[in-house]
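Given next are the chains, with one letter for each unit.
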Amino acid sequence: MTVRFVEHEKLNTCVHCGLCLAACPTYLELGTETDSPRGRIHLMRALEEGTLRPTPEVVRHLDLCLGCRACETACPSGVPYGSLIEAARPFVERHRSWARRLGRRALVTLLTTRAGRKVAFGPLRLVAGRRALGRLASRLPGRWLALAAAVAQTANGGPLPTAVDPPGRARGTAALLTGCVAESVFPATNLATARLLAHAGVRVLVPPRQGCCGALALHLGAAARARALARKAARELAATGADWVVSNAAGCGAALRDYDHLLPEDAHAVSVARRARDALELLAELGLPPPGRQLAARVAVHDPCHLAHGQGVRAAPRALLAAIPGVRLVELEEADTCCGSAGTYNLTEPAMADRLLARKIERIAASGADVVAAANPGCLLQIRAGVIARRLHVAVEHPIDLLATAHGVS
Ligand code: SF4
Ligand code: SF4
């Protein structure tokens, strides 16, 4: 049988039990079967079999999927939902109006090229950290300004050193993926990641020409562009010969782990997938010396989808943060439910992203936390924008930055 975009066997693993429905953020919000994992699998199967045309309404239900993979965690039958929706996106892309296609391609170029990022993030200095502007922007239709105002004022940074050495004999070597958005918006977190790894005894290498990992392009259905970016990043990262390939951005880390599926014929990509680790996961595994500084705060941990559902990392950030003197972890209801950021989702689907953000902010307010820790750049900006709009006195930080402060390496 001809395959249009995904193998039937993968689609047929779904037994329609519906156990994933309660985990799906869009189903929780809308309560409609076609906006649930089971409903979307049904749509994808009909598209694949040619019994359904990709009408704007069908495309709409698939576009509303966050790609958060919470349904994968909930599914007892092991349905690989993430790879199904990933395969469907480029197919759907071909059936959009030319104007929408053009807009989405422009977004891919803007975010995944160095020149594009200069244009997109260059004016950040003017708006970064301006909370009043952020509050105003949260009432406007576009989301770019509100997210830009959520960037820390200290976000400007030069390139990282190409190597960071541990104080004594190295326990191993890590190649650090600096990421496209993270490199532009969170350079201090990248530097803190390298220093913390060195503090744990790891030699850190930072290949300067690695570029973007391809995750954002894949999310926007630009599969060829994603593969080209992944091929280049894999070549640069694998050339270091490092024991681990480390990322501090959940979305990028999940993409690295999946390189062997994206580029099965590419030896570099397969090797990177085998060595890919989240920075917090590796730090928890290797262990850090006792933190020298206290951090008196009630900390709630938000689990980014691509860390919890995409990589199965949940315990590491909690264990590392709990070891900081003065930190009290508080429970956050629906900690692993998407905040609405989801790659570029808050830019392309702002209405649903806002609903999910409001849901997240309600739960943060109820937790009584002073600090929310979120290990993904997109979640940090999205939740910060929500906190600013709601005038909550809650700091939103990457766990790496909290750890770097506690360990005196920031
Ligand atoms: S990936 Fe997330 S939004 Fe999409 S169907 Fe699964 S749970 Fe729902
Ligand atoms: S995806 Fe899994 S949990 Fe959801 S309906 Fe299909 S088999 Fe059941």
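Everything that follows concerns the structure shown earlier in this document.
Since the structure is predicted, the reported quantities are computational estimates derived from the model, not experimental observations.

Conventions we followed
Residues numbered from 1 in each chain as written. Chains lettered and ligands numbered in written order. Predicted model: local features only at pLDDT ≥ 70, side-chain atom pairs only at ≥ 80, totals over all residues. Heavy atoms only, no water. Salt bridge = Lys/Arg side-chain N within 4 Å of Asp/Glu carboxyl O. Helix = DSSP H or I, 4+ residues; strand = E, 2+ residues; numbered from the N terminus. Buried < 20%, exposed > 50% of the residue type's maximum accessible area, 1.4 Å probe, protein only. Expected span 1.5 Å × (residues − 1). Contact = heavy atoms within 4.5 Å. Near = heavy atom within 4 Å. Nonpolar A, V, L, I, M, F, W, Y, C, P; charged D, E, K, R; others polar. Pairing = 2+ DSSP bridges. Axes fitted to C-alpha atoms, helices over the stretch in contact; angles between N-to-C directions. Polar contact = N/O pair within 3.5 Å; in protein donor to acceptor, adjacent residues only side chain to side chain.

**Focus on the pattern of salt bridges**
Right, on to step 1. Applying the stated criterion to the full structure yields 26 salt bridges.
Right, on to step 2. Between Arg60 and Glu349 there is a salt bridge; the shortest N-O distance is 2.7 Å. You can see Arg60 sitting in helix H4 (residues 56-63) and its partner Glu349 sitting in the loop between helix H22 (345-348) and helix H23 (350-367), a full 289 residues away along the chain.
Right, on to step 3. Take Arg60: its relative accessible area is 36%, and that puts it in the partly exposed class.
Right, on to step 4. Judged by its relative accessible area of 6%, Glu349 is buried.

**A word on H23**
Structural remark: α-helix, 3.6 residues per turn; residues separated by three or four positions point the same way.
Right, on to step 1. The end-to-end C-alpha distance of H23 is 25 Å, a good match for the 26 Å that 18 residues give at a rise of 1.5 Å each.
Right, on to step 2. Considered for burial, the residues of H23 that qualify are Met352, Ala353, Leu356, Leu357, Arg359, Lys360, Ile361, Arg363, Ile364 and Ser367.
Right, on to step 3. Among the structural elements, helix H2 (25-30), strand E6 (297-302), strand E7 (327-330), H22, strand E8 (371-374) and helix H24 (377-389) are those in contact with the buried residues of H23.
Right, on to step 4. In the segment just after H23, Gly368 is the residue with positive phi, at about 75°.

**Notes on the site of ligand 2**
Right, on to step 1. Of all residues adjacent to ligand 2, which total 13 residues, the nearest are Cys14, Cys17, Gly18, Cys20 and Cys75.
Right, on to step 2. Its residues assigned to classes, the shell around ligand 2 comprises nine nonpolar, three polar and one charged.

**Quick look at the sheet that holds strand E9 (residues 395-397)**
The pairing of strands in a sheet happens through backbone hydrogen bonds and is either parallel or antiparallel.
Right, on to step 1. Ordered in space as E7-E6-E8-E9, the four strands form an open sheet in which the pairing is parallel. Every interior strand has two partners, whereas the edge strands, E7 and E9, have only one. Strand-to-strand, the axes of this sheet are offset by a mean angle of 30°, without reference to chain direction.
Right, on to step 2. Pairing between E8 and E9: three bridges, direction parallel. Looking at E9, one finds that Val371 is bridged to Ala395.
Right, on to step 3. With respect to the sheet, helix H21 (residues 315-322) is in contact with E6, E7 and E8, its orientation differing from that of E7 by roughly 145°.

**What to know about the side chain of Gln311**
Right, on to step 1. Take Gln311: it is sitting in helix H20 (residues 305-311).
Right, on to step 2. For Gln311, the side chain forms a polar contact with the side chain of Arg257, separated by 2.7 Å.
Right, on to step 3. Filtering out sequence-adjacent residues up to four positions away, Gln311 remains in contact with Ala250, Gly253, Ala254, Arg257, Asp278 and His306.

**Re the environment of Arg125**
Right, on to step 1. Of note, Arg125 is situated in helix H9 (residues 124-127).
Right, on to step 2. Owing to a relative accessible area of 60%, Arg125 belongs among the exposed residues under this scheme.
Right, on to step 3. Here the alpha-carbon distance between Arg125 and Val151, two residues 26 residues apart in the chain, equals 9.1 Å.

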